[in-house]
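# Results of the structural survey
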Amino acid sequence: MIISFSKNPVKQITGIIFWNRYTLLFFALCAGAAYFLRVEMGYTFFALPAIPISILGGALAIFLGFRNSSAYDRWWEARKIWGAVVNDSRSLGLELITYPISVSEEDEKEIAVWRETAIRRHIGWLYALVGHLRKKDTDLSAYLTEADLKSIEGKNNRPTQIMITQGQAIKEAYDKGWIEEFRMIELTGTLKKFYDDQGKAERIKNTVFPFYYNYFTMFFLWLFTLSLPFALINEQQTWLMIPLSILISFAFFILNKSGVITETPFVGGAADTPISTICRGIEIDLLQMIDADDCPEPLPISTGKFGVTYQP
């Protein structure tokens, strides 16, 4: 997730130009061609009336406004889902620590091992879910036992399989008398919440924006940006129409680009929901609950080109 751009305005402008250089060059060529053909060559039939182009621009602005609003709703829902994962993970840690009861010193040792294994398994589930949403293989050997790793080998949906193993571990604790039936039901209910969170995240990941809406938005966007300089040259026959045309075209283009980027919050881009950072935060919280020695540091804020800061 992008936190901020550089405080240096020169770097801000340079970055915007760099990342959109080919588009800006295309707009400049269109505006230059309109100026050359109408003013330098005197071809009047290249000029277009301004009113139809203005109407097209107004309709396009409505399309882009709706798209950006819908895209932001997807991004914000993704952030709410992972906010729920944070809260539910802390609840699970609390339950795993406080629910089991022992009747002997041997039981206490076994419960401590069971508790740590369950907490590390949940951390593995978190990172497996990140890899599942980003379609990347994630090494989970630091969190899962050999038996757990074998149980998810070759499975398409590794987070689901890990949660099944977690449920079996809770049943095992109940069978041994470490937790009561009511508390087993509570723990199982917490696992169901994680299934709900995973399903909601998968829904956002697998539901693409309607194709026809994407197609016609792009079609009218390029139609507008191609027609605009030939309409402006009919109103203002000076070289000033070139930067004016570039500016207007770029404003519409960047609005569309913002929507395209925001509507996919799990692809691993700089503008996405920072699920890696969130997972690291949960990992730290859970490991500190059991006083683990291998508690990692928070992920640092990354700095990209031109002073952009973001969280992965």
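Given the structure is predicted, the values throughout are model-derived calculations rather than measurements.

## What to know about the packing of helix α3 (residues 50-98) against helix α10 (residues 275-289)
Across the interface, α3 lies against α10 with an axial gap of 10 Å and an inter-helix angle of 10 degrees. Here α3 lies roughly parallel to α10, going by the angle between them. Between α3 and α10 lies a crossing whose hand is right-handed. Residues R79, W82, V85, V86, S89, R90, G93, L94 and I97 of α3 touch α10, and the partners they reach there are I275, I278, C279, I282, D285, L286 and M289.

## Some points on the nonpolar core
One finds W82, W125 and F266 to be the most contacted residues of the largest nonpolar core, which totals 45 residues. Every element with two or more residues in this core is listed here: α3, α4 (105-134), α6 (158-175), α7 (181-206) and α10. Beyond its immediate stretch of four places on either side in the chain, F266 contacts A78, W82, L133, R134, A201, I204, K205, D272 and I275. Counting residues in hydrophobic clusters, the runner-up holds 16 residues, among them Y35, L221, F224 and A231.

## Some remarks on the sheet that holds strand β3 (residues 309-310)
In space, the three strands of this open sheet follow the order β1-β3-β2, with antiparallel pairing throughout. One side of each edge strand has no neighbouring strand; the edge strands of this open sheet are β1 (2-4) and β2 (302-303). Two strands pair when backbone bridges link them, and β1 and β3 are joined in this way by two bridges, in the antiparallel orientation. What sits directly across from I2, in β3, is Y310.

## Focus on the side chain of T225
Examined against the element boundaries, T225 turns out to sit in helix α8 (residues 211-235). At 3.2 Å, the side chain of T225 forms a polar contact with the backbone oxygen of W222. In contact with T225, other than residues within four places in its own chain, are F27 and S249.

## Description of unusual backbone geometry
What you tend to see is this: most non-glycine residues have negative phi, and most peptide bonds are trans. Positive phi, normally seen in glycine, also occurs at K135, with a value near 55 degrees. Take K135: it is sitting in the loop between α4 and α5 (146-151). A relative accessible area of 66% places K135 in the exposed class. Phi at D291 is positive, roughly 55 degrees, even though this residue is not glycine.

## Structural notes on the packing of aromatic side chains
Evaluation of the coordinates by the stated rule reveals 18 aromatic pairs. Where F63 meets Y213, the ring centres are 5.4 Å apart and the plane angle is 25 degrees; that geometry is what we call stacked. With F63 in helix α3 and Y213 in helix α8, this residue pair connects regions lying 150 residues apart in the sequence. Both rings, one in Y215 and one in F219, keep their centres 6.5 Å apart while their planes meet at 10 degrees; by these two values the pair is stacked. You can see Y215 and its partner F219 sitting in helix α8, four residues apart, about one turn around the helix. Grouped by ring-pair contacts, the aromatic residues F26, F27, W222, F250 and F253 constitute a single cluster. The ring of F18 has R21 sitting right over it, with the charged end atom 4.3 Å from the ring centre.

Parameters and conventions
- Residues numbered from 1 in each chain as written.
- Predicted model: local features only at pLDDT ≥ 70, side-chain atom pairs only at ≥ 80, totals over all residues.
- Heavy atoms only, no water.
- Axes fitted to C-alpha atoms, helices over the stretch in contact; angles between N-to-C directions.
- Helix = DSSP H or I, 4+ residues; strand = E, 2+ residues; numbered from the N terminus.
- Parallel < 35°, antiparallel > 145°, perpendicular 65-115°, else oblique.
- Left-handed = near helix turned anticlockwise from the far one by under 90°.
- Contact = heavy atoms within 4.5 Å.
- Core = buried A, V, L, I, M, F, W, Y, C linked by side-chain atoms within 4.5 Å.
- Buried < 20%, exposed > 50% of the residue type's maximum accessible area, 1.4 Å probe, protein only.
- Pairing = 2+ DSSP bridges.
- Polar contact = N/O pair within 3.5 Å; in protein donor to acceptor, adjacent residues only side chain to side chain.
- Phe/Tyr/Trp six-rings, centres within 6.5 Å; stacked < 30°, edge-to-face > 60°.
- Lys NZ or Arg CZ within 6 Å of the ring centre and 35° of its normal.

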